[in-house]
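Secondary and tertiary structure notes
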Amino acid sequence: MAYASAAELFLTVEPESIAVNVTPGGANSQVLTLTNNTTDKLLVEIGAAEIAPNYPYSIFDNFTVELRTPTQVEIEARCSARPVVIIRSPRDIKPGGYYGQMMLTTTNENGELVSQQAVPIAAVVGQDFEYAAEIQSAAVTSTAWEESDNTWMLSLVVQNLGNIHIEPVGTVYLKNTQGEIIRTLRTELQEGAQAILPGQTG
């Protein structure tokens, strides 16, 4: 059995991420649909992965995250499995966002690694969120392929100082030596990034 590099060729995961709103002391259940796209049986091990070591907004440290199915799921060829994920919030939880990843490690019947996919998981509690961010650094680099090509890229490193994920956007004004605005640029997260988590940079 030949395996390509794209994990979704073998195992399709829906939804690609889990995001829920939970009340203190409440619970929320979500269904993952795992579809085996191959002609062989696959074994999927479902585990937990932290955003970072000792992460204060860890969903696994602050909530109870459990499966209604075994952590290892067998999926026959061209079939699907639907494990249920339950997210339980303690009554004394502080408002904010809590994050982690479910790691799906897929092997064949011979124990050979087929793919590994991360499913981001987030739970938001309350409404009184703290929004704060800081620009840590800025850099301008040339993106020119030739000496005659005068193109540049402005990049910023932003740290989320709040307690919930953010999607920062901004406006940069380019001025000449007389202080006159000659161009206005819009800044946003790099392609593929959806948000900056609390305590993280992007």
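Just so you know, these numbers come straight off a predicted model, no measurement behind them.

Concerning unusual backbone geometry
Along the chain, Glu14 connects to Pro15 via a cis peptide bond; the corresponding omega equals -5°. Relative to the assigned elements, Pro15 resides in the loop between β1 (11-14) and β2 (18-22). Backbone geometry at Asn54 places phi at a positive 55°, although glycine is not the residue there. Structurally, the position occupied by Asn54 is in the loop between β5 (42-49) and α1 (59-62). Asn54 sits in the exposed class, given a relative accessible area of 77%. The residue Arg78 is not glycine, and still its phi comes out positive at about 60°. Structurally, the position occupied by Arg78 is in the loop between β7 (72-75) and β8 (80-81).

Points about the packing of aromatic side chains
In this description, an aromatic ring pair is defined by two values, namely the gap between the centres and the angle between the planes. Overall, the coordinates contain 4 aromatic pairs when judged by the stated rule. Site record: aromatic cluster; members linked through ring pairs are Tyr55, Tyr57, Phe63 and Tyr98.

Topic: the sheet that holds strand β3 (residues 27-31)
Read from one edge to the other, the open sheet built from 3 strands follows the order β3-β9-β6, with strand pairing classed as antiparallel. The open sheet terminates on both sides in strands that have one partner only, identified here as β3 and β6 (64-67). Looking at each pair of strands side by side, their axes are set apart by 20° on average, direction ignored. Sheet topology places β3 next to strand β9 (residues 84-88); 5 bridges connect them, and they run antiparallel. By the bridge assignment for β9, Asn28 is matched with Ile87.

What to know about the confidence of the model for the protein
In this model, the protein carries a mean pLDDT of 92, and residues with pLDDT of at least 70 account for 94%. Taken together, the stretch residues 1-5 has pLDDT below 50 and engages in 8 contacts with residues farther than four places along the chain or on a different chain.

Description of a nonpolar patch on the surface
Nonpolar side chains collect at one region of the surface, where Val140, Trp152 and Leu154 lie side by side and expose about 320 Å² of accessible area between them. With respect to the helices and strands, Leu154 occurs in strand β13 (residues 152-160).

A look at the layout of surface pockets
Approximately 720 Å³ is the volume attributed to the largest pocket. Lining the largest pocket are 26 residues, with Leu154, Ser155, Leu156, Thr187 and Glu188 positioned closest to its centre. When residues of the lining of the largest pocket are traced back to their parent elements, those giving at least two are β12 (133-142), β13, β14 (170-175) and β15 (181-187). Per element, the largest residue contribution to the lining of the largest pocket is 6 residues, and it comes from β13.

Brief notes about the pairing of β14
A regular strand places its side chains on the two faces of the sheet in alternate fashion. As paired elements, β14 and β15 share 6 bridges and run antiparallel to each other. Residue pairing for β15: Thr171 is matched across the bridge by Arg186. Linking β14 to β15, which pair antiparallel, is a turn of 5 residues; within it Gly179 sits at a positive phi near 85°.

Overview of the sheet that holds β8
If you trace the 3 strands from one edge of the open sheet to the other, you get β1-β4-β8, paired in antiparallel fashion. Edge positions in the sheet fall to β1 and β8, since each of these pairs with one other strand and no more. With 2 bridges connecting them, strand β4 (residues 33-36) and β8 associate as antiparallel partners. Bridging across to β8, Leu34 finds its partner in Ala81.

Rules behind the numbers
Residues numbered from 1 in each chain as written. Predicted model: local features only at pLDDT ≥ 70, side-chain atom pairs only at ≥ 80, totals over all residues. Heavy atoms only, no water. Helix = DSSP H or I, 4+ residues; strand = E, 2+ residues; numbered from the N terminus. Buried < 20%, exposed > 50% of the residue type's maximum accessible area, 1.4 Å probe, protein only. Phe/Tyr/Trp six-rings, centres within 6.5 Å; stacked < 30°, edge-to-face > 60°. Pairing = 2+ DSSP bridges. Axes fitted to C-alpha atoms, helices over the stretch in contact; angles between N-to-C directions. pLDDT = per-residue confidence, 0-100. Contact = heavy atoms within 4.5 Å. Patch = residues over 30% accessible without salt bridge, like charges linked within 9 Å, V, L, I, M, F, W, Y side chains within 5 Å. Areas by Shrake-Rupley, 256 points an atom, 1.4 Å probe, with all protein chains shown as cover. Salt bridge = Lys/Arg side-chain N within 4 Å of Asp/Glu carboxyl O. 1 Å grid on protein atoms, 1.4 Å probe; cavity = no way out; pocket = protein on both sides within 12 Å on 5 of 7 lines; lining within 4 Å. Points joined across faces, edges and corners; volume = space filled by probe spheres on them.

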